[in-house]
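For reference, the chains in residue letters:
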Amino acid sequence: MKSHEWYQVVSSDTAGCFKTWEHFISCLLSVFYVIIRSRFDTFIMHLIKNTMKIITDGKTKRIMESGREGLVVLETMDQLTGGDAAKQAEIAGIAVHKTTQTANVFQLLEKHGIPTSYVEQINDVQLLCYDCEMLPLESVSRRYAWGSFLKRDPSLQPANGKPYRFDSIKHEFFHKHSVIAPPLVSAPIQISENEARDRYLKDGKWAEGVFTDPYIQVGTDSWSLFSAKTPPTSSLMTIPPVCSDQDIHLMTHQLTLPCFEVLEKAWSQIETQDGAIALVDMKIEIGRRRTDGKLVIADVIDNDSWRIWPGADPQKQLDKQSFRDGDPLADIADKYALVSQLTSHFR
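Residues numbered from 1 in each chain as written. Predicted model: local features only at pLDDT ≥ 70, side-chain atom pairs only at ≥ 80, totals over all residues. Heavy atoms only, no water.

Re the environment of Ile91
Logical step 1: Following the sequence through the fold, Ile91 ends up in the loop between strand S5 (87-90) and helix H3 (94-111).
Logical step 2: When the C-alpha positions of Ile91 and Ala330 are compared, they lie 8.2 Å apart, and in sequence the two are 239 residues distant.
Logical step 3: The contact partners of Ile91, leaving out residues within four places of it in the chain, are Asp78, Leu80, Leu329, Ile332 and Ala333. (Helix = DSSP H or I, 4+ residues; strand = E, 2+ residues; numbered from the N terminus. Contact = heavy atoms within 4.5 Å.)

Below is the structure:
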């Protein structure tokens, strides 16, 4: 096709879209501007990312310096883990969904006066957050008896397939440092999860004597650690308290329980073809903001953090349990995309 014929085709095909050639050229330049600007923004973000110093590099996310005092960048990766990191998979694009979920959740919590580390969303996979000194704890709240709870209290096994529902929210603490016990050592010790994984996780199996995320019975003068997967009859070891009784009360009654209540209500207002979504349980992490020393909900809250069941039916699960159960990765990606969309309706 000759150049003048191309112009004729364009002129003919665009007659109904553009009033004049000047209008056509203006629109064309606008398109070029958007393309160039998008590529420039991508280049700048790539440049910034490659010059950021990594503070913490984890299994599913990393923390990097932001260049702004008191603030850090939290970047999510396209990774899912299960079974205390014994199972791991890369799922393209899932970081975008998880970042969106955390941003939507933290904005909702802040709206309800619950303090978090969240400042703003930078891009599809990065959040700007307050730098926090993280406590080595997972604060777990439950509306239904499920998961590891049933291993610690088998008496609440589902009756006729219907899970037991607590009238009042059940709250527990777990330690993020693993307990290493005999036969691996002569006396129980605690080490970081990363060190435990490097030393004792082989071919997807933990060595005998490793207890990840031990359950905590909080005392005033000492804390007792138990296996999270058996009834708490004999403690693995005792440790000094990680924080004060006052901090425990604040984390329980001003952060964990209010967080669960807000999210439980938000999920219950989202209807699906199977019914309203039930928030079954969830875990949060808590840190002390370095700027003011205030305890806040930190890290992330995304589809890895909770169990959510449309119609309160465990067979309809939308959360990471599907990954633990071995569902196809494509189905898991679809669930994460759906949950991102649903959390955008939180009010």
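Let's talk about the nonpolar core
Logical step 1: Core analysis: the largest hydrophobic core is formed by 49 residues, its most contacted members being Leu109, Met251, Leu263, Trp267, Ile301 and Trp306.
Logical step 2: With 10 residues, helix H6 (residues 245-268) is the single largest residue contributor to this core.
Logical step 3: If near-sequence neighbours (up to four positions away) are discounted, Ile301 is found in contact with Gln101, Thr102, Val105, Phe106, Leu109, Cys259, Leu263, Met282, Ile284 and Trp306.
Logical step 4: Judged by nonpolar contacts, the second largest core, of eight residues, contains Leu80, Ile332, Ala333 and Tyr336. (Core = buried A, V, L, I, M, F, W, Y, C linked by side-chain atoms within 4.5 Å. Buried < 20%, exposed > 50% of the residue type's maximum accessible area, 1.4 Å probe, protein only.)

What about the pairing of strand S3 (residues 71-76)?
Logical step 1: When you tally the buried positions in S3, you get six out of six residues, the bulk of the element.
Logical step 2: Sheet topology note: the strand S2 (residues 61-65)/S3 ladder contains five bridges and is antiparallel. Within S3, the residue paired with Lys61 across the bridge is Thr76.
Logical step 3: With antiparallel pairing between neighbouring strands as the criterion, S2 and S3 make up a hairpin whose turn holds five residues, including Gly67 at a positive phi of roughly 85°.
Logical step 4: Here S3 runs beside strand S7 (residues 126-130); their pairing, made up of five bridges, is antiparallel. By the bridge assignment, Glu75 is partnered in S7 with Gln126. (Pairing = 2+ DSSP bridges.)

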